[in-house]
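Structure assessment
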Amino acid sequence: MKKFILALIFILFFGGIPIYAPVAKAEGNLTITISTDSLNVREGPGLSYRVVKQVFKGESFTFVKEENDWIQIKLSNNLYGWVANWLVQKGKGPESTQTLSSLGTITVDGLRVRNGPGLNFQTIGHLNNGVQVSILEKNENWTKISNSEIDGWVSSEFVSVTNGQASNQINESFGTTAIITVDSLNVRNAASLQSKIIGKLQKGEKIEIVSSTREWVEFNFKGQKAWISSQFVDLAPKANVQTNTGNETITPASPTGIIGTVTANALNIRSKGDLTSKIVGSVIKGNTFAILEEKNNWSKIEYSPKKYGWVNTWYLEKTIPKSDPSQSQVVKESFVTILYDGTNIRKGSSVQTPVVIRANAGDQFAVKSLKGEWYEILLENGTTAFIAGWIVSVNGSAPQVEKPGAEGYIKNKTIVLDPGHGGGDSGTVGARGTLEKELTLRTAILLYDKLRASGANVILTRTNDSYFSLRSRVSTSQYHSADAFISLHYDSILDRSVRGMTTYYFHSFQRPLAEAVHSSTLDQTKLKDRGARFGDYHVIRENNQKAILIELGYLSNPAEETTVTSPQYQEMAATGIFNGLAKFFKSSF
């Protein structure tokens, strides 16, 4: 009888009542950062659970565990909640894009500095052998650097990293006002995401900056020192121009016809065109001025009525007013250098005008004026002719003419990058042991840096070796209303001789994106063309956005595995996809 009673109790408590034991995945010391404007935190892992709190973009919380498409986070000492994993980011960002504070030394003369990590980005300056720079970011092919003259990207091959650390001293920004740009921003007691939250600021609130670094802003909060992330503020000095007393009188110059727009958050104005001269004022990002004169990478401006000064040209975006492109703008003390052999020099500022002479790479000509996108140059016989501005380099006061680049079509687009597989799902394993999940993340991070530098809003479905379900990847695309969703993969088959690249779409409206990305990536990588074709894959089939899945080569082919794992191929693949996106968006203009 006792045995029967014990058996009945066991059945009642353990057999007749389902025990909720979901599969959970815990990870150590991870930070969860909210990636959407506002997000509901729920009691349990599902939309049917009660909302316990609302959190906002940029806020970070401690990761507790993960169940299916939901992540549990720690909100406070005694409060926990669940958020959808496709609306947050784990960690601090792509783990292979290193944020650094080390020093580097340039190892060649004339190293080009670009405004993005790739050869297709505009050259914004040059650095010479021996110049020291601070290293801000680094991926496997490109390094973001900064010094007193310029910020930009250079080839990692020509930067020697030293053991010294870049200065972490806070930059002086006294008297400057900052405006909060997000709905709710954490105020911390130290410049670290791990520090204590001591309050919040709301969108539109203003603070007076005490000091700042690239990542943090220090200010006084309720009588104590406090810090907020510099990512979520805009600098706004009390007036558009701050001037010091005792300003030196500077003789004005004649306008060059070139307009300069300030690209730095705050830019000092100096009495002379060098870093040792007196600071007489400052201007802020977005201010525009007529450039009166240029000399040795410095530009003279009239920053206030009858007050003149010099600013560093690197931090100005130079343009020619386009109200009347038929009018020529006088250019002083400038010359152009021919970039290609057999370049046509024409009678007028149009490709329809006759060719006067042909010039070769390295030939130089003085510039007389700029008409639209054409330089009027002086020939040896004393006559003038015209050359297209986008096929020469320019030195002096004349702006460098740029054909609309790829970044112009990508700017402000929302692009979701989906590195295939991750976590326990390693994807295919190559003939020599390459894991697909690691290779897709490498490609995604290189592409992420290029897109971000072009002004795109880029979302990665995973930033490290984590598993995300196919459903959550699609949800990420649809929640953000992605202009393009790119799922990155590498292929495999039993036949080791098979090689090449394939791009898939499911819906007919996805086909133009697939064809544009496929052709551009083939142009860069030179892999065998296996076509842009229909494919029945969840991440494109269930996706209502323009979405594709691209197989960037066969890991099962030993020779192709060696090719696709090289840094050179990874750079070409990322560049090809970047160019394909630009081609697609350009066709939509």
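So, how was this worked out
- Residues numbered from 1 in each chain as written.
- Predicted model: local features only at pLDDT ≥ 70, side-chain atom pairs only at ≥ 80, totals over all residues.
- Heavy atoms only, no water.
- Helix = DSSP H or I, 4+ residues; strand = E, 2+ residues; numbered from the N terminus.
- Expected span 1.5 Å × (residues − 1).
- Buried < 20%, exposed > 50% of the residue type's maximum accessible area, 1.4 Å probe, protein only.
- Pairing = 2+ DSSP bridges.
- Axes fitted to C-alpha atoms, helices over the stretch in contact; angles between N-to-C directions.
- Contact = heavy atoms within 4.5 Å.
- Salt bridge = Lys/Arg side-chain N within 4 Å of Asp/Glu carboxyl O.

1. So, helix H5 (residues 511-525)
Under the 1.5 Å per step criterion, the end-to-end length of H5 is 21 Å for 15 residues, consistent within 8% with the ideal 21 Å. Every buried residue of H5 is listed here: Leu 513, Ala 514, Ala 516, Val 517, His 518, Ser 520, Thr 521, Leu 522 and Thr 525. Positive backbone phi, at 65°, marks Lys 526, one or two positions downstream of H5.

2. A closer look at the sheet that holds strand E41 (residues 457-460)
Two pairing modes exist for strands in a sheet, parallel and antiparallel, and in both the strands are linked by backbone hydrogen bonds. Taken together, six strands build an open sheet; the order of strands is E41-E40-E42-E45-E43-E44 and the sheet is mixed. Both edges of this open sheet fall to E41 and strand E44 (529-534), since each of them pairs with a single strand only. Each neighbouring strand pair of the sheet contributes to a mean axis angle of 20°, computed without reference to strand direction. As paired strands, strand E43 (residues 501-505) and E44 are joined by four bridges and run parallel to one another. Bridge pairing links Tyr 505 to Phe 534 in E44. Sheet strands in contact with helix H4 (residues 470-479) are strand E40 (414-419), E41 and strand E42 (484-491), and its direction is about 170° off that of E40. Those strands touched by helix H8 (residues 567-587) are E40, E42 and strand E45 (547-554), and its axis lies near 150° from that of E42.

3. Thoughts on the environment of Ile 198
Looking at the element boundaries, Ile 198 is found in strand E19 (residues 197-202). The spacing of Ile 198 and Ala 226 is 28 residues in sequence and 8.2 Å in space, taken between C-alpha atoms. Contact partners of Ile 198, with chain neighbours within four places excluded, come to Val 187, Arg 188, Asn 189, Phe 221, Gln 224, Lys 225 and Ala 226.

4. A closer look at unusual backbone geometry
A positive phi angle, near 70°, is found at Asn 412, a position not held by glycine. The class for Asn 412 is exposed, based on a relative accessible area of 60%. The phi dihedral of His 421 falls on the positive side, at around 70°, and the residue is not glycine. Locating His 421 in the fold gives a position in the loop between E40 and helix H3 (436-453).

5. Some remarks on H4
Turning to H4, its buried residues are Ser 472, Arg 473, Val 474, Ser 475, Thr 476 and Ser 477. Tucked into the core, H4 has its buried residues touching E40, E41, E42 and helix H6 (538-541).

6. Topic: the pattern of salt bridges
A complete count under the given rule lists twelve salt bridges for this structure. Lys 65 serves as the salt-bridge partner of Glu 67, at 3.8 Å between the closest nitrogen and oxygen. Among the residues examined, Lys 65 registers a relative accessible area of 28% and is labelled partly exposed.

That is the geometry; function is a separate question.
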